[in-house]
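# Understanding the architecture of this molecule
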Amino acid sequence: MKPQVASYVSTGFLWSWQCSSSPWEFYIFYMRGDLLDGVSSVFTTTDGNDFVHLPICGSSENANDNCYSDEEADVALGLVTSLESFIKSKTGGDTLPSCTVTEARETVEGAIAEILKSLEKQAKNAKLYDKEKLFNGTLMLILKNPSWNIRVLTKGNAQATTVADIDHLEADPDLSLVARIYGALYKILLGLLLLLCCFVVMMIGVLVLRHRQRSKEEERKQVFEMVEKIIDMVKENYDMNEPDDRQSSYLAIQHVRDQLLPPSQRRRMVPLWEKAVKFIEANESRIRVETQTIQGEDFMVWRWLPANSSCGKVWQGQAFGENNVSAGNTLQYSPTPCLKIRNMFDADVETAENWDVNVQDALLEKCKGITGILHIHVDRASSQGCVYMKCNSCETAYQVYRSLHGWWFDGRLVTVKYLRLELYHDRFPNSKKNTKPLLPSNNSMASLSLPYHRSLLEMT
């Protein structure tokens, strides 16, 4: 609906146009502004898809009794305006403006009579119109053009599909300018309210997400704290009982749990305990899980595995599992034959002479069975315990990667990354000449002298 002021503008314009037009033409073009959203749109879209015309006589498609002349079609179109004005004049109560078919017929017949009277006063030929035909044409126009917002309904208030099914007509009421402003403000406020609700929901989602992240981080910290306490207890028990062979150097897992979890908080802290136990089983090679009989009953126990200094640097097991090479974001192939290996030593505590040779031997011993390692450089000044290695092919480098990455060596977790060949040659130009595979300096296999611990992840 247009604002009421549009009605006054259209009224003044069309009254001035009446002086040079016949009365029936005035009925066609004079309309109130509140119809500009409906019937008046046909004057700009009469040939478009939004307006359905009455069938016009004279064409081969409409050669029947249900066609209309151009003049009858124009009159029917004007009668739609009169009928809409009549329907909207019946506004009252809480119901929408409506009228029955009988009332609509009387309105149309009265409008036709007014047209005939106006023609007679102007001494023009007063053509007799078929009132029933024009009435049916008016209803057909309304039925075929639902965009005019005049609804044709059956007795059961269902949408009519034919003229014969129409029982009554209904239209939207005219609203004052104030009511229209209120309606517009209501829609604006409703839109703002919906936008505010969306913003509130989004903020709640963000807060919930942050709360969950903080909770997970706090839980992670608590798990690590519990892991550290478990390691301290198991190691302390080993240190206390190592000199005395009569005392067991292991601790029952349930006994450790009962010592760390207060009875009042045990039920709440059980999930943290279970995560700490899984972490130790999967990532801590210094603690081995065993089954021991204690006072006639079998218990799962933790045993501390100390590093054997007499055997030098040894491989202690894998943190991520032998079959879990693809964990994380590691590549499934080697893009280069060169590798950079970290955490193989701590330069600040190395005191033995030729300790770098021991590190190199440990690498070659761990890669036993892999031929094609051409060059190794132990960076004695590295604070990260770096060793550089060049292989004869990318396939060999990938085999070395699988053998070293994620293993515990001398109490440190070894990590391996790939290094571009040109960078390797820039740093170690002499490596270009190496074509013979390297071998350990002796056959003792000292770094593999102890059976390394296999965690539960490695067994999967």
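Bear in mind that the values here come from a model prediction, so they are computed numbers and not experimental data.

## Details of a negative patch on the surface
On the surface, Glu218, Glu225, Glu228, Asp232 and Glu236 cluster together to form a negatively charged patch. Along the chain, glutamate 218 falls in helix α7 (residues 177-241). Under the relative-accessibility criterion, glutamate 218 is labelled partly exposed at 42%.

## Focus on the side chain of glutamate 284
Locating glutamate 284 in the fold gives a position in the loop between α9 (266-283) and β5 (287-294). Of the residues examined, glutamate 284 reaches a relative accessible area of 8% and is grouped as buried. Of note is the side chain of glutamate 284, whose polar atom sits 2.7 Å from the side chain of arginine 286.

## Remarks on the packing of α7 against α9
Closest axis-to-axis distance for the α7/α9 pair is 9 Å, and the angle between their directions is 60°. Regarding α7 and α9, the two cross each other, and that crossing is right-handed. Contact residues: Glu219, Gln222, Val223, Phe224, Met226, Val227 and Ile230 in α7; Met269, Leu272, Trp273, Lys275, Ala276, Phe279 and Ile280 in α9.

## Some thoughts on the sheet that holds strand β3 (residues 168-171)
If you walk across this open sheet you meet the three strands as β1-β3-β2, and the pairing is antiparallel. Only two strands of the sheet have a single partner each, and these edge strands are β1 (98-100) and β2 (150-153). Geometrically, the sheet is characterised by an average inter-axis angle of 20° between neighbouring strands, direction not taken into account. Strand contacts of helix α4 (residues 70-88): β1, β2 and β3, with the helix running at about 80° to β3, the strand carrying the most contacts.

## Observations regarding the pattern of salt bridges
All told, the structure shown has 15 salt bridges when counted by the stated rule. For the salt bridge of glutamate 219 with lysine 275, the shortest nitrogen-to-oxygen distance reads 2.0 Å. With a gap of 56 residues between them, glutamate 219 in helix α7 and lysine 275 in helix α9 connect regions that are remote in the sequence. Given the relative accessible area of 30%, glutamate 219 is considered partly exposed. Among the ionic pairs, arginine 303 bridges to glutamate 290, the shortest N-O distance being 2.8 Å. Linking arginine 303 in strand β6 (residues 297-304) with glutamate 290 in strand β5, this pair joins segments that are 13 residues apart in sequence.

## Some points on the packing of α7 against helix α8 (residues 253-260)
Two elements in contact, α7 and α8, have axes whose closest approach is 11 Å; the angle formed by their N-to-C orientations is 120°. Of the possible angle classes, the one that applies to α7 and α8 is oblique. Judged by the sense of rotation from one axis to the other, the crossing of α7 with α8 is right-handed. Residues Met226, Lys229, Ile230 and Met233 of α7 lie in contact with α8, whose contacting residues are Val256, Gln259 and Leu260. Class assignment of the residues belonging to the contact of α7 with α8 gives a composition of five nonpolar, one polar and one charged.

## Re the confidence of the model for the protein chain
Per-chain confidence: the protein chain averages 78 in pLDDT, with 76% of residues scoring 70 or above. Across residues 1-49 the pLDDT falls below 50, and counting only partners more than four positions away or on other chains, this stretch makes 83 contacts in the model.

## Overview of the environment of tyrosine 68
One can find tyrosine 68 in the loop between α3 (42-45) and α4. Sequence spacing of tyrosine 68 and glycine 58 is ten residues, and the spatial spacing of their C-alpha atoms is 9.1 Å. Residues in contact with tyrosine 68, not counting those within four places in the same chain, are Leu54, Pro55, Ile56, Cys57, Ala73, Lys133, Asn136 and Gly137.

## Side note on the state of the cysteines
Such a bond, covalent and formed between the sulfur atoms of two cysteines, is termed a disulfide. Scanning the entire structure with this criterion turns up one disulfide. Here cysteine 57 pairs with cysteine 67 through a disulfide, and the sulfurs are 1.9 Å apart. Here cysteine 57 and cysteine 67 share a disulfide; its torsion about the S-S bond, 95°, makes the bridge right-handed. With cysteine 57 in the loop between α3 and α4 and cysteine 67 in the loop between α3 and α4, the pair connects residues that are ten residues apart, well separated along the chain. For cysteine 57, a relative accessible area of 34% corresponds to the partly exposed category. Distance from the sulfur of cysteine 338, which forms no disulfide, to the nearest cysteine sulfur (cysteine 391) is 7.7 Å. Under the relative-accessibility criterion, cysteine 391 is labelled buried at 2%.

Parameters at a glance
Residues numbered from 1 in each chain as written. Predicted model: local features only at pLDDT ≥ 70, side-chain atom pairs only at ≥ 80, totals over all residues. Heavy atoms only, no water. Patch = residues over 30% accessible without salt bridge, like charges linked within 9 Å, V, L, I, M, F, W, Y side chains within 5 Å. Areas by Shrake-Rupley, 256 points an atom, 1.4 Å probe, with all protein chains shown as cover. Salt bridge = Lys/Arg side-chain N within 4 Å of Asp/Glu carboxyl O. Lys, Arg positive; Asp, Glu negative; His and termini not counted. Charge placed at Lys NZ, Arg CZ, Asp CG, Glu CD. Helix = DSSP H or I, 4+ residues; strand = E, 2+ residues; numbered from the N terminus. Buried < 20%, exposed > 50% of the residue type's maximum accessible area, 1.4 Å probe, protein only. Polar contact = N/O pair within 3.5 Å; in protein donor to acceptor, adjacent residues only side chain to side chain. Axes fitted to C-alpha atoms, helices over the stretch in contact; angles between N-to-C directions. Left-handed = near helix turned anticlockwise from the far one by under 90°. Contact = heavy atoms within 4.5 Å. Pairing = 2+ DSSP bridges. Parallel < 35°, antiparallel > 145°, perpendicular 65-115°, else oblique. Nonpolar A, V, L, I, M, F, W, Y, C, P; charged D, E, K, R; others polar. pLDDT = per-residue confidence, 0-100. Disulfide = S-S within 2.5 Å.

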